[in-house]
Amino acid sequence: MFFKLLIFFPLIFYFGKRSYLAYDEGFYALQARWILEKGNWTIPLWWGDFNLDRTIGIQFLIAKSQEIFGENLFAAYLPTTISSIVMLIITYKLHEELIGKKFAIASPLILSTTFLWFDYSHLATQDLIYSCLVTIGIFSIVKTNSKKELVYISLFGIWIGLAFMMKTFLVAVPITSLLPYLIKKKYIFTSKYFWLGLIIGFTPFIVWSTSINTFLDKNIIFHLLDKFNNLSKENTFTNPFYYYLWNIPVTFLPWSIFSIIGLVHGLKSKNSQGFILFYFPLILIILISSFSTKTPYYPLQISSIISLNAFIGIKYLIEEKRFKFLFIFISSRVIPLFVVTIIFIYFLFLKATINFNLRENTFLISGLILFALAWSFIKKSQHSSKMISILIIGPYLMTSCFLQSGLFTDRSREIRETMENISSLKTFNNRIIKVDKSSIINTTTHSKIIRIALLTPNLGEGIDNIKSLKSSELAWSIFPKEDQKKDTSIKIIYENEVIFPWKLIKKI
């Protein structure tokens, strides 16, 4: 398995320059920075205030990784990277258990090239880590066939507590989706090893909640419930019930159609394979569709199962003579032509409006060309194993190019380049730059200041009002030029349209 993991190297590791998205990874990275700077490993902070709507799980992991391996971006992404690798291994093992050992590498390769998984495997958030834990839970329940399977029974208990530390009450969704299957395996809940595993899994949360409660007016669980209640009501992320009917096929490209075929095929199986591959994802989708808040990353927890279904769908289309000709025609002719058309449209109409640099354009176009070229080699006379290989090679080459382009890693390139220029100026060497919290007036300004703050070498405290800035001190603020005429003690010393509306100001 170790040598097989080397195949995934171009899909997982990127050593070029990185930058954060504002939400949610920049949010967590900034909190992790404050953990290291203030030595507070208990209370999640936000500009000096307590942030109690979530646990400190991912922030703790990012901070601990940076404490061990250095305060750099590679270390910040390491918890997600490790979880990505583990999830690929577990998907491989699930393929062996539910489908068979033959071509078991196909399912993790499919997983690694689905848009949703690939995107979140390069984000410093808890979503991929949580999904990895859910996948471990599915694998442990599949492997538990008797009371004697003590390791897997314990593991099924452990993942629940760890997943709760990552995403709190969301863990109820996969557990509820597994309940019909768990009823057949009642012996799990009567085993002391399950309860022992449950205690071990919840230990991080118990330790953290006990520590933080001494600083709060009410138990942390009530703050977490407040967040859950807000998400269950109408909010910014509220979407209609049918949201996932289109969102899942889009976010799991290019394997969506194959997954749907595999899902339907799983209905025919009456054993554990049928439940895990059909009923479990179906129940889970119904549950998350019933919840008011709907986001693209909620289905990430079933991405391994969707990948297994994609493999089954591919295998079915190749072996079924009624659909083989149509399948080959669409795959080898229609889709490559469609991709080439997209390339031409991009060059003729979109390139001038999208601010991609030479590296990004080169890898983006190369990836699309390699994908189209690979699938154009699919032929009716080919052996099924060779056909599956070609089908996977296309998206594999495309996503490998996408990663090396930096589009999935250097997500705030313009702000990063601007901040590098600012940091190189001698005027700002070793100077602490504070942040005017009163300037954070909407999501746009909040998004910008998160990314600016993360790229500020010596970040100071947040100040409530610009008037509290002392002589010669620097701060990021939205300070209108017309106000400068009224208050000549404050000077705008740096502004740039890339990081607009934030300006670097100085108290004279």
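Residues numbered from 1 in each chain as written. Predicted model: local features only at pLDDT ≥ 70, side-chain atom pairs only at ≥ 80, totals over all residues. Heavy atoms only, no water.

## Considering a nonpolar patch on the surface
Piece 1. Taken together, the side chains of V340, F344, I345, F347, L348, F349, L350 and I354 make up a nonpolar region of the molecular surface, amounting to roughly 760 Å² of accessible area.
Piece 2. Turning to its location among the elements, F344 is positioned in helix α18 (residues 321-350). (Patch = residues over 30% accessible without salt bridge, like charges linked within 9 Å, V, L, I, M, F, W, Y side chains within 5 Å. Areas by Shrake-Rupley, 256 points an atom, 1.4 Å probe, with all protein chains shown as cover. Salt bridge = Lys/Arg side-chain N within 4 Å of Asp/Glu carboxyl O. Helix = DSSP H or I, 4+ residues; strand = E, 2+ residues; numbered from the N terminus.)

## Structural notes on unusual backbone geometry
Piece 1. Y23 connects to D24 through a cis peptide bond whose omega is -5 degrees.
Piece 2. Looking at where D24 falls in the secondary structure, it is placed in helix α3 (residues 22-38).
Piece 3. The omega angle of the peptide bond from L253 to P254 is 5 degrees, so this bond is cis rather than trans.
Piece 4. The phi angle at T168 is positive, at roughly 45 degrees, despite the residue not being glycine.
Piece 5. Of note, T168 is situated in the loop between α9 (150-167) and α10 (172-183).
Piece 6. Phi at S472 takes a positive value of approximately 70 degrees, unusual for a residue other than glycine.
Piece 7. Looking at where S472 falls in the secondary structure, it is placed in the loop between β4 (459-463) and β5 (474-477).
Piece 8. According to the relative accessible area criterion, S472 is partly exposed, its value standing at 38%. (Buried < 20%, exposed > 50% of the residue type's maximum accessible area, 1.4 Å probe, protein only.)

## Focus: the side chain of S477
Piece 1. One can find S477 in strand β5.
Piece 2. One polar contact links S477 to D436, side chain to side chain, over a distance of 2.8 Å. (Polar contact = N/O pair within 3.5 Å; in protein donor to acceptor, adjacent residues only side chain to side chain.)

## A few points about the sheet that holds strand β7 (residues 503-507)
Strands belonging to one sheet form pairs held by backbone hydrogen bonds; the direction of such a pair is parallel or antiparallel.
Piece 1. The strand order β4-β3-β5-β7-β6 describes an open sheet built from 5 strands, whose pairing is mixed. Lying at the two open borders of the sheet, with one neighbouring strand each, are β4 and β6 (490-495). Ignoring which end each strand starts from, the neighbouring axes of this sheet average 30 degrees apart.
Piece 2. Pairing of strand β3 (residues 433-436) with β5, which is carried by 3 bridges, proceeds in the parallel orientation. Looking across to β5, one finds that I433 is bridged to L474. (Pairing = 2+ DSSP bridges. Axes fitted to C-alpha atoms, helices over the stretch in contact; angles between N-to-C directions.)

## Focus on the packing of helix α4 (residues 57-69) against helix α5 (residues 73-98)
Helix-helix packing: each pair is described by the crossing angle between the helix axes and the interaxial distance.
Piece 1. The contact between α4 and α5 brings their axes to 8 Å, and the two run at 125 degrees. Between α4 and α5, the crossing angle belongs to the class labelled oblique. Seen from above, α4 lies across α5 with right-handed handedness. Across the interface between the two elements, L61, I62, S65, Q66 and F69 from α4 touch A75, A76, L78 and P79 from α5. (Parallel < 35°, antiparallel > 145°, perpendicular 65-115°, else oblique. Left-handed = near helix turned anticlockwise from the far one by under 90°. Contact = heavy atoms within 4.5 Å.)

## Re the nonpolar core
Piece 1. If you look at the biggest cluster of nonpolar residues, it comprises 144 residues, and the most contacted ones within it are W47, L94, F156, I276 and W476.
Piece 2. Among the elements that line this core, the one with the most residues is helix α8 (residues 127-143), at 11 residues.
Piece 3. Here F156 is in contact with G137, S140, I141, L178, L182, I188 and F194, once residues within four sequence places are set aside. (Core = buried A, V, L, I, M, F, W, Y, C linked by side-chain atoms within 4.5 Å.)

## Structural notes on helix α16 (residues 272-290)
Piece 1. The end-to-end C-alpha distance of α16 is 26 Å, a good match for the 27 Å that 19 residues give at a rise of 1.5 Å each.
Piece 2. The largest bend in α16 is about 30 degrees, located at Y279, with the proline P281 one to four residues further on.
Piece 3. Within the span of α16, buried status applies to G274, F275, I276, L277, F278, F280, P281, L284, I288 and S289.
Piece 4. Where the residues of α16 are buried, they touch α5, α8, α10, α14 (243-251), α15 (256-266) and α17 (303-319). (Expected span 1.5 Å × (residues − 1). Bend = angle between axes of the 7 residues up to and from the residue.)

## As for the pattern of salt bridges
Note that side chains of opposite charge can pair when their charged atoms are close.
Piece 1. One pass over the full model with this rule turns up 20 salt bridges.
Piece 2. As a salt-bridge pair, K227 and D53 come within 3.7 Å of each other at their nearest N and O atoms. Here the residue K227 occupies a position in helix α13 (residues 220-232), and D53 occupies one in the loop between β2 (49-50) and α4, the gap between them amounting to 174 residues.
Piece 3. R413 is the partner of E417 in a salt bridge, and the nearest nitrogen-oxygen pair spans 3.6 Å. Of this pair, E417 and R413 both sit in helix α21 (residues 413-424), 4 residues apart, roughly one helical turn.
Piece 4. Judged by its relative accessible area of 32%, E417 falls in the partly exposed class.
Piece 5. On the accessibility criterion, R413 (12% relative accessible area) is buried.
Piece 6. It is possible to trace a salt-bridge network through shared partners that takes in K17, E360, D410, R413, R416, E417 and E420.

## Topic: the packing of aromatic side chains
Piece 1. A full pass over the atoms with the stated rule returns 38 aromatic pairs.
Piece 2. With 5.3 Å between their ring centres and 80 degrees between their planes, F189 and F194 make a pair best called edge-to-face.
Piece 3. Looking at F189, the relative accessible area reads 33%, which means it is partly exposed.
Piece 4. When the centroid spacing of 5.9 Å and the interplanar angle of 45 degrees are considered together, the rings of W255 and F258 count as tilted.
Piece 5. Of the residues examined, W255 reaches a relative accessible area of 0% and is grouped as buried.
Piece 6. An aromatic cluster is built from F164, F169, F202, F205, W208, F228 and F291, whose rings are joined through pairwise contacts.
Piece 7. Here the basic side chain of K64 rests over the ring of W41, its NZ or CZ set 4.6 Å away from the ring centre. (Phe/Tyr/Trp six-rings, centres within 6.5 Å; stacked < 30°, edge-to-face > 60°. Lys NZ or Arg CZ within 6 Å of the ring centre and 35° of its normal.)

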